[in-house]
Amino acid sequence: YVSVVVTGRHDDLRGDNVGRLQGFIDLLTWQLDRHQVPGEVIVVDWAPVEWTYNGQTYTVKLKDVLRANPQTRCPVRVITVDSSVHWRVAVGTGNSFLEYAAKNVGARRARGRFVLFTNGDVLLSNSLAEMLGKEMLDEGSFYRIPRSEIPGLMDPLAPLDMRRAALEELVEVLGEEKTCERG
């Protein structure tokens, strides 16, 4: 029904990217399972970075470090876009990471009827997962979600129960989400 697309790679461009992505996957798959949302999570690993250690060069790919809970019904797919593709597309831009190109790669490979684009450091509310579980999205509509920045709120490596509790508290603090009329 819904494909959730995020991007990333194993580097420190934006802090602990792998930890944040893992936390995102853990919490999101739990929410999708809890609300019986038919869906998938797609992580696009854009241009994995080469690392040199003791004279050896390594490329660490997200598919080798991210894991899905074996109990989840929600498939998690990691799609790797080789750095050679990046350099063909990014020629002359000076950008080392093309987020929207990566999200397009995920969208093209999505199996869901609907695609939800987000970032790996975003927590989606349980009310959103509950709404998705009702399978009421309209193909003729565009949906957007307001975002609240709360820096340093949650350790992405904390136990999942602690992260769930923090999300519940956060939802209580922020209050009900506003909607607008269709049009």
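Refer to the structure above for everything that follows.
Report on the accompanying structure. (Residues numbered from 1 in each chain as written. Predicted model: local features only at pLDDT ≥ 70, side-chain atom pairs only at ≥ 80, totals over all residues. Heavy atoms only, no water.)

1. Concerning the environment of Asn104
Logical step 1: Relative to the helices and strands, Asn104 resides in helix 4 (residues 99-109).
Logical step 2: Residue Asn104 is classed as partly exposed on the basis of its relative accessible area, which comes to 48%.
Logical step 3: C-alpha separation for the pair Asn104 and Phe117, spaced 13 residues apart in sequence, amounts to 9.5 Å. (Helix = DSSP H or I, 4+ residues; strand = E, 2+ residues; numbered from the N terminus. Buried < 20%, exposed > 50% of the residue type's maximum accessible area, 1.4 Å probe, protein only.)

2. Quick word on the side chain of His35
Logical step 1: Tracing the backbone shows His35 in the loop between helix 1 (17-34) and strand 2 (39-46).
Logical step 2: The buried category is assigned to His35, whose relative accessible area is 18%.
Logical step 3: His35 has contacts with Asn126, Ala129, Glu130 and Gly133, leaving out every residue within four places of it along the chain. (Contact = heavy atoms within 4.5 Å.)

3. As for helix 5 (residues 126-133)
Logical step 1: Listed as buried for helix 5 are Asn126, Leu128, Ala129 and Leu132. Each buried residue of helix 5 sits inside an arc of 160° when the element is viewed along its axis, so together they form one side.
Logical step 2: One or two residues past the end of helix 5 sits Glu135, with phi positive at roughly 50°. (Arc of directions from axis to C-beta.)

4. Side note on the pattern of salt bridges
Logical step 1: Under the defined criterion, the tally for this structure stands at six salt bridges.
Logical step 2: With a closest N to O distance of 3.0 Å, Arg77 and Glu40 form a salt bridge. You can see Arg77 sitting in strand 5 (residues 76-81) and its partner Glu40 sitting in strand 2, a full 37 residues away along the chain.
Logical step 3: Overall, Glu40 belongs to the buried group, its relative accessible area being 4%.
Logical step 4: Between Glu139 and Arg113 there is a salt bridge; the shortest N-O distance is 2.7 Å. (Salt bridge = Lys/Arg side-chain N within 4 Å of Asp/Glu carboxyl O.)

5. Comments concerning the pairing of strand 5
Logical step 1: Only one face of strand 5 is covered, namely the one carrying Arg77, Ile79 and Val81; the face carrying Val76, Val78 and Thr80 has none of its residues buried.
Logical step 2: In this structure, strand 2 lies alongside strand 5, joined through six bridges in parallel fashion. For Asp45, the partnering residue across the bridge sits in strand 5 and is Thr80. (Pairing = 2+ DSSP bridges.)

6. Considerations on the packing of aromatic side chains
Logical step 1: Under the definition given, this model contains one aromatic pair.
Logical step 2: Aromatic side chains Tyr1 and Phe114 sit 5.3 Å apart centroid to centroid with 65° between the ring planes, which places their arrangement in the edge-to-face category. Taken as a pair, Tyr1 in the segment before strand 1 (2-8) and Phe114 in strand 6 (residues 114-117) lie far apart in primary sequence, 113 residues in all.
Logical step 3: Of the residues examined, Tyr1 reaches a relative accessible area of 14% and is grouped as buried. (Phe/Tyr/Trp six-rings, centres within 6.5 Å; stacked < 30°, edge-to-face > 60°.)

7. Details of helix 4
Logical step 1: Turning to helix 4, its buried residues number three or more, namely Ala102, Lys103, Val105 and Gly106. Seen along its axis, helix 4 keeps its buried residues to an arc of 150°; they face one direction. Projecting away from the buried face of helix 4 at angles above 90 degrees are the exposed residues Tyr100 and Arg108.
Logical step 2: Those residues of helix 4 that are buried are in contact with strand 1, strand 2, strand 5 and strand 6.

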